[in-house]
Amino acid sequence: MLYILAIIFFVGYLPSLVKGIIQKPKILNDLYKERPLEGDVVIRENAVRQLTEEEVFLLKPYLDNEDFISPPYQWQSSLISLDVMRIKSYIEKDYPDESHYDYYYKMGSLRLFFPYHMESRIKGFQNILCDDDIRIKTNCINTAEVVLTRSYAIVVKINNYDLLEAGINLSCRKENQIIEYWQTGKLIPIPLSRAESANETFTQLITEESERVPTFEILNKREKNQFETAIEDRSNSGKLMIGLFVFGVMGLLALEHFQSLVLVAFSIICFILSMIASYIKREIPSEYVNHIKAQIRDNCPVNHQLSIESNFNVFYPEHWKMFLPNNSDVSIDMQAELETAQLLSYGDYLSISEEVKNYGAPKFIYHNVLLAITGLILAVLMFFLTNAGEKLDFTYQILNDLITIRNIDDKNSINKSSIKPQTDYNAIFSGNSSNLKKADIVKSGNYHNEKNSKLLVTTQTIYNFDKKQLFSFSSPILINNCVFLFVILISLINSILIIWKKGSNHLRLEKIISNYKDKFIQDTN
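Quick caveat, the model's predicted, so the values are computed rather than measured.

Enquirer: Break down the environment of K106 for me, citing the residues and quoting the values.
Expert: Structurally, K106 can be placed in strand β4 (residues 104–107). Exposure remark for K106: the relative accessible area of 5% places this residue in the buried category. With 47 residues separating them in the primary sequence, K106 and A153 have C-alpha atoms 9.4 Å apart. Within the structure, the side chain of K106 is placed 3.5 Å from the side chain of D94, a separation counted as a polar contact.

Here it is as structure tokens:
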């Protein structure tokens, strides 16, 4: 009898004895060989459950194809077991090589691999690197369910986001369904793939999400009215306007070398066509507006958007943000553009149409900015390439009788006596007056009332400058001066218009906000 009992005892405890003798697989030791960092909280619950059939199906691509595994992870083709382990800890990014951007995700000492971009649901990451540590760590504890391979753990659930939802891309597919509903007003079922249709769990999950009715209701659709379209800048690209303006300026500059009325006519035509081009409005196709009833789930003032569905937002003008609640328990009438989801009205008071009716449309500055920048660039180019600054200075000197003009026939025979006796000069300017570079100072004790003056010497008697000839049509200096001042004037005028329009728009918004405040105060009273 004792012999039989001994045999039963030996058989019953044999598995435990074998487990105690045989070492744990080396890979498990490797997975936990690093101690958690000091201060880390790591809670492990081994084998909370087994992988489901659907999870095994979704993990198969990551086990069968190494292309699905990104570096620095080393691809593993199998799992150690189907046991799912739950871990609660901080998550950090661990860079094995400081010179590379590749990193591991880690919980304590365990490396984590996130399939299907599940890392997007990690909570608490701050995109800040410490000076003395290349690791980035979450500022809160995350909960993950994982299965083990020989070198890393594959995450099958992170916080409330599980592998099934990530693998079948349910959130994105629901978002696409909502967008289609917004566009058409019809809730079209989410299509299933052949593999999903063959799996009861997948089919149920997708069907339930597909049949979930959006939290907002589309009442009707209409075209935008004239007041709502008035807030859009219909200015064309401005390329034709700027091109014609530049050609006109080039035509005037050519007059400096080729005196011709044809060039004048060409430039005038270019300027006229440029003005006409600036008034051409771009065609805007018919735009539609959705009239909806919706509750506000969340208000994000930074991005000027209201969440009216878990994965759908509408956007509002910046000056409305002080009048919109953070959330609402009741459905509110709203009207929003079909294409951009930009709110055009909210409730009984906020309305773009009423703003335009009462305070006019905003003023647009796009073409003014283009002309101001183009004029400035042309002025700078003329200043350096055509010596426009020196030519303006030369004109000023002549108009104020500060330059004495002498004409000689042979520049090679110039000497002191040929200019004026007892004159001590530094140098003499010579050459075509359309290419003026220098007018040197002539010092004379008996000349020009004993004051310093400037002496211009030219070897071409055709440029015998006096005030009348300086202002003649054929004067190249006059042409250059006029074109230079013209482009500066265009840039200056448009800069002033930009400032004026911005100020006008600011004053307009102040009046609109003041009016809304009065309405809300009256409603509250």
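Enquirer: Give a detailed account of the environment of V289, specifying residues and quantitative values.
Expert: Here V289 is to be found in strand β11 (residues 288–294). Along the chain, V289 and L343 lie 54 residues apart, while their C-alpha atoms are 9.2 Å from each other.

Enquirer: Account for unusual backbone geometry, with residues named and values stated.
Expert: In this structure, P72 follows P71 across a cis peptide bond, with omega equal to 10°. When you line up the elements, P72 lands in the loop between α3 (53–64) and β2 (83–89). The backbone phi angle of H304 is positive, close to 55°, even though this residue is not glycine. Along the chain, the position of H304 falls in the loop between β12 (298–300) and β13 (305–309).

Enquirer: Requested: an account of the sheet that holds strand β16 (residues 343–346), with residues and values cited.
Expert: Here we have five strands laid out as an open sheet, ordered β10-β11-β15-β16-β17, and antiparallel in their pairing. Each edge of the open sheet is held by one strand with a lone partner, namely β10 (217–223) and β17 (350–351). As defined by bridge partners, β11 adjoins strand β15 (residues 332–337) across six bridges and the pair is classed as antiparallel. Its bridge partner being in β15, N290 is matched across the sheet by A336.

Enquirer: Let's hear about the nonpolar core: which residues, and what values?
Expert: For soluble globular proteins, nonpolar side chains are generally found buried alongside one another. Counting residues in each nonpolar core, the largest one holds 39 residues, and the members touching the most others are L110, L112, F114, M118, V146 and I158. Examining the composition of this core, we find that five residues originate from one element, strand β8 (residues 153–158), more than from any other. Formed by 31 residues, the second largest nonpolar core is a distinct cluster that contains F312, L324, L338 and Y346.

Enquirer: Describe in detail the pairing of β13, supporting the description with residues and values.
Expert: With respect to burial, β13 is a largely interior element, five of its five residues being buried. Strand direction decides the pairing type here: β12 and β13, joined by three bridges, are antiparallel. Residue pairing in the sheet places N299 in a bridge with L306 of β13. Following β12, the chain reverses through four residues before pairing antiparallel with β13; H304 in that reversal takes a positive phi of roughly 55°. Relative to strand β14 (residues 312–315), β13 runs antiparallel, the two sharing four bridges.

Enquirer: Go over the side chain of T138, please, and point to the residues and values.
Expert: Locating T138 in the fold gives a position in the loop between β6 (136–137) and β7 (142–148). Side-chain polar atoms of T138 contact the backbone oxygen of C140, separated by 3.0 Å. Apart from the residues within four sequence positions on either side, T138 is in contact with Y90, I91, I122, K123, G124 and F125.

Enquirer: Please provide a residue-by-residue account of the pairing of β16, values included.
Expert: Residues in a regular strand point their side chains to alternate faces of the sheet. Taken together, the three bridges between β15 and β16 define a ladder with antiparallel strand orientation. By the bridge assignment, M334 is partnered in β16 with Y346. Counting the residues that bridge the hairpin from β15 to β16 gives five residues, and of these A341 lies at a positive phi of roughly 60°. Where β16 folds back on β17, the antiparallel hairpin that results is connected by three residues, among which G347 adopts a positive phi of roughly 65°.

Enquirer: Summarise the packing of aromatic side chains; cite the residues concerned and give the values.
Expert: The geometry of an aromatic ring pair is captured by two quantities: the separation of the ring centres and the angle between the planes. Tallying each qualifying case throughout the model produces 23 aromatic pairs. Arranged with centres 6.2 Å apart and planes meeting at 45°, the rings of F245 and F486 form a pair that is tilted. A residue pair is termed long-range when its members are at least 10 positions apart, and F245 in helix α9 (residues 239–254) and F486 in helix α16 (residues 476–524) qualify at 241 residues. On the basis of relative accessibility, which here comes to 27%, the residue F486 falls in the partly exposed class. Look at F323 and F520: their rings are 5.3 Å apart centre to centre, the planes differ by 15°, and that puts the pair in the stacked class. Linking F323 in the loop between β14 and β15 with F520 in helix α16, this pair joins segments that are 197 residues apart in sequence. Looking at F323, the relative accessible area reads 12%, which means it is buried. Among the aromatic residues, those joined into a ring-pair cluster are Y62, F68, Y73, Y104, F113, Y116 and Y152.

Rules used throughout
Residues numbered from 1 in each chain as written. Predicted model: local features only at pLDDT ≥ 70, side-chain atom pairs only at ≥ 80, totals over all residues. Heavy atoms only, no water. Helix = DSSP H or I, 4+ residues; strand = E, 2+ residues; numbered from the N terminus. Buried < 20%, exposed > 50% of the residue type's maximum accessible area, 1.4 Å probe, protein only. Polar contact = N/O pair within 3.5 Å; in protein donor to acceptor, adjacent residues only side chain to side chain. Pairing = 2+ DSSP bridges. Core = buried A, V, L, I, M, F, W, Y, C linked by side-chain atoms within 4.5 Å. Contact = heavy atoms within 4.5 Å. Phe/Tyr/Trp six-rings, centres within 6.5 Å; stacked < 30°, edge-to-face > 60°.

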